[in-house]
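What follows is the residue order along each chain.
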Amino acid sequence: MNLIYKTKKEKLSYARLEMYAVWSGTFVEITKTKLDLLKTFSPIPIIIFILGLYTNNNSSINNKINLFSTELLLGDLLMYLGIGIPVFYVYYIYSTFSAYKKHLRTMMDYKAEAIVANEETKEVSK
């Protein structure tokens, strides 16, 4: 927002505001594409499938695994991963969506200020 007010005081403020609006629009498109890819390639169905396989095969789920000097059951490790990965994934999607909203808001602010600057230059030239 601070950059918007600095730009409004310049001589060519309308052109600069339009340029910043286009840049922000590019960031909006990049973030939207990233969000769409994250939604498309979700690991959650694969995790559910793998957890279903291991819970149906009870004999292999009770195997002990030595991980970082800690002895865990394979079933426990799978459950930790089955909970941790979706939580991390949902957080990552949420942070990407927040970035998308921020870029969209910035783009709209620049466009609005460009319209105001354009109207002011029209009034001054009359």
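See the structure above.
Residues numbered from 1 in each chain as written. Predicted model: local features only at pLDDT ≥ 70, side-chain atom pairs only at ≥ 80, totals over all residues. Heavy atoms only, no water.

Could you give me a rundown of the overall build of the protein chain, with the residues and numbers involved?
A tally of regular secondary structure across the protein chain gives five helices and two strands. When the helices and strands of the protein chain are placed in sequence order, the string is α-α-α-α-β-β-α. Split into buried and exposed, the 126 residues of the protein chain put 26% on the buried side. A separation of at least 24 residues holds for 67% of the contacts in the protein chain among residues at least 6 apart in sequence. When the accessible surface of the protein chain is split by element, carbon and sulfur atoms take 64% of a total near 9,400 Å². (Helix = DSSP H or I, 4+ residues; strand = E, 2+ residues; numbered from the N terminus. Buried < 20%, exposed > 50% of the residue type's maximum accessible area, 1.4 Å probe, protein only. Contact = heavy atoms within 4.5 Å. Areas by Shrake-Rupley, 256 points an atom, 1.4 Å probe, with all protein chains shown as cover.)

Could you give an account of the packing of aromatic side chains, naming the residues involved and the relevant values?
Taken as a whole, this structure holds four aromatic pairs when the rule is applied. A centroid spacing of 6.2 Å and a plane angle of 15° characterise the contact between F88 and Y92, whose relative ring orientation is stacked. With F88 and Y92 both in helix α5 (residues 74-125) and four residues apart, this pair spans about one turn of that helix. An aromatic cluster is built from Y20, W23 and Y110, whose rings are joined through pairwise contacts. (Phe/Tyr/Trp six-rings, centres within 6.5 Å; stacked < 30°, edge-to-face > 60°.)

Would you mind going over the nonpolar core in detail, with residue names and values included?
One finds L17, Y20, A21, Y110, A114 and A117 forming the largest nonpolar core, which totals six residues. Residue assignment for this core shows that the elements contributing at least two residues are α2 (13-40) and α5. With residues up to four places along the chain from it excluded, the contact list for A114 reads Y14, L17 and E18. (Core = buried A, V, L, I, M, F, W, Y, C linked by side-chain atoms within 4.5 Å.)

So what's going on with a nonpolar patch on the surface? Residues and values would help.
On the surface, a nonpolar cluster with roughly 500 Å² of combined accessible area is contributed by M19, V22, W23, F27 and I30. Structurally, I30 can be placed in helix α2. (Patch = residues over 30% accessible without salt bridge, like charges linked within 9 Å, V, L, I, M, F, W, Y side chains within 5 Å. Salt bridge = Lys/Arg side-chain N within 4 Å of Asp/Glu carboxyl O.)

Please provide a residue-by-residue account of the pattern of salt bridges, values included.
Evaluated as defined, the whole model comprises two salt bridges. We note a salt bridge from D36 to K39, for which the minimum N-O separation is 3.7 Å. Here D36 pairs with K39, and both are found in helix α2, just three residues apart, close to one helical turn. Given a relative accessible area of 53%, K39 falls into the exposed group.

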